[in-house]
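Working through the structure, step by step
Letter by letter, the chains look like this.
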Amino acid sequence: MNPHAKLICTVSLIMGTSITISSNHWILAWTGLEINTLAIIPLISKSHHPRAIEATIKYFLTQSTASALILFSSMTNAWSTGQWDITQLNHPTSCLMLTMAIAIKLGLVPFHFWFPEVLQGSSLITALLLSTLMKLPPITLLLLTSQSLNTTLLTLLAISSTLIGGWMGLNQTQTRKILAFSSISHLGWMIMIISYNPQLTILTFILYTIMTSTVFLSLAQIKVLKLSTMLISWTKTPMLNATVMLTLLSLAGLPPLTGFMPKWLIIQELTKQEMTPMATIITMLSLLSLFFYLRLAYHSTITLPPNSSNHMKLWRTNKTLNTPTAILTALSTTLLPLSPLIITML
């Protein structure tokens, strides 16, 4: 891809995200979302592979539908209340339409079908952007309007996303699809708590972004796209594979790693809100995603494949952790002892 085109797309992505998260007016927020959509499309389609073109079309159609719904929702609210302020969303129909639009943009169940397919058709770095940066503007809109939205509907979306994200990831062999369903499952946890403690949603998103970035950057360095390749990558970069295993276990939410913190705090908050049954259900459903995280971790650290493989054995190279990946890995695995400090900052 032309460096100038890549620079324009990157600047547009940062600008679109900044416009949306800093705006108070619906039209400005919608404009930021549109800039984001148009900026990421060349990055998805840059390989000119048929699967990449298919992913681009799917992404464009779903995001266009969601943007139209957001515009329709804001116009309906302005028509009935005379307000274009994002925090003044009071019309019931507008609230429902906005919830559906944000669910489509984020890839929440039952609007999740586009997300794994788009990630599968993208490169690992573009998939990282789709899983992290592109989720920030819709989540910001959800945070700003969380007090107006239907809590029961959000809880239903959260439980469904955690269930389907864990269930559909069980049988996948492509790492990008597994991480797509992982993203859907984590979004379920964020949406579950957004009406009760928005700051906790922000913390969960930040920690999810750190852990997911570590996994994607590590996989891009090892050049692993499927589990069968991961089986023999140990001989190539043993240290990197070991850190990938720890980060995957952290994503699964196992103590004493960083990923345990947001789940622990969310369960605690749900219990305080007298939603113990919901906390129990979402905790049990997270065991589904724990299975495929453990499978990925096993594949990344196995030293001898259990069956014959068609892949040529790779020579061990001198590749080591680069500085950004090393910093992200440290953050992904060692932040749990700082929980009291982080809680006081919320």
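Nothing here was measured: the structure is a model prediction, and the numbers come from that model.

Let us now look at helix H14 (residues 276–301). Given a rise of 1.5 Å per residue, 26 residues ought to cover 38 Å, and the 37 Å separating the end C-alpha atoms of H14 matches this to within 8%. Considering bend angle alone, the principal kink of H14 is centred on Ser 289 and spans about 25 degrees. If you check which residues of H14 are buried, you get Ala 279, Ile 282, Leu 285, Ser 286, Ser 289, Leu 290, Phe 292, Tyr 293, Leu 296, Ala 297, His 299 and Ser 300. Buried residues in H14 make contact with helix H8 (151–168), helix H9 (175–193), helix H11 (227–230), helix H12 (238–252) and helix H13 (260–272).

What follows deals with the UniProt feature "domain: NADH:quinone oxidoreductase/Mrp antiporter transmembrane" (unreviewed entry) in the protein. Using the residue numbers shown here, the UniProt feature "domain: NADH:quinone oxidoreductase/Mrp antiporter transmembrane" (unreviewed entry) corresponds to residues 23–288. Counting secondary structure, residues 23–288 comes out at 75% helix and 0% strand; the distance between its end C-alpha atoms is 38 Å.

The amide bond that connects Val 109 to the next residue, Pro 110, takes the cis arrangement and shows omega of 10 degrees. Relative to the assigned elements, Pro 110 resides in the loop between helix H4 (92–106) and helix H5 (114–120). The step from Pro 255 to Pro 256 runs through a cis peptide bond, and the omega angle for that step is 5 degrees. Note on placement: Pro 256 falls in the loop between H12 and H13. In this structure, His 48 takes a positive phi of about 60 degrees despite not being glycine. Along the chain, the position of His 48 falls in the loop between helix H2 (26–45) and helix H3 (50–81).

Orientation of H12 relative to helix H15 (residues 323–334), taken along the N-to-C sense of each, is 40 degrees, at an axis distance of 9 Å. Between H12 and H15 lies a crossing of left-handed hand. Two secondary-structure elements touch here, H12 through Leu 240, Thr 243, Leu 246, Thr 247 and Ser 250 and H15 through Thr 325, Thr 329, Ser 332 and Thr 333. A class-by-class count of the residues in the contact of H12 with H15 yields 2 nonpolar, 7 polar and no charged.

A separate point is the pattern of salt bridges. Counting across every chain of the model gives 3 salt bridges. For Glu 117, the salt bridge is made with Lys 58, and the minimal N-O distance between the two is 3.9 Å. One end of the pair, Glu 117, is in helix H5; the other, Lys 58, is in helix H3, and 59 residues separate them in sequence. A residue is classified by how much of its surface remains accessible, and Glu 117, at 24% relative accessible area, is partly exposed. By relative accessible area, Lys 58 is classed as partly exposed at 28%. Across the pair Glu 117 and Lys 177 runs a salt bridge whose closest N-O atoms are separated by 3.3 Å. With Glu 117 in helix H5 and Lys 177 in helix H9, the pair connects residues that are 60 residues apart, well separated along the chain. When its relative accessible area of 18% is taken as the criterion, Lys 177 is described as buried.

So, how was this worked out
Residues numbered from 1 in each chain as written. Predicted model: local features only at pLDDT ≥ 70, side-chain atom pairs only at ≥ 80, totals over all residues. Heavy atoms only, no water. Helix = DSSP H or I, 4+ residues; strand = E, 2+ residues; numbered from the N terminus. Expected span 1.5 Å × (residues − 1). Bend = angle between axes of the 7 residues up to and from the residue. Buried < 20%, exposed > 50% of the residue type's maximum accessible area, 1.4 Å probe, protein only. Contact = heavy atoms within 4.5 Å. UniProt positions renumbered as here; feature names shortened; annotations may be inferred. Axes fitted to C-alpha atoms, helices over the stretch in contact; angles between N-to-C directions. Left-handed = near helix turned anticlockwise from the far one by under 90°. Nonpolar A, V, L, I, M, F, W, Y, C, P; charged D, E, K, R; others polar. Salt bridge = Lys/Arg side-chain N within 4 Å of Asp/Glu carboxyl O.

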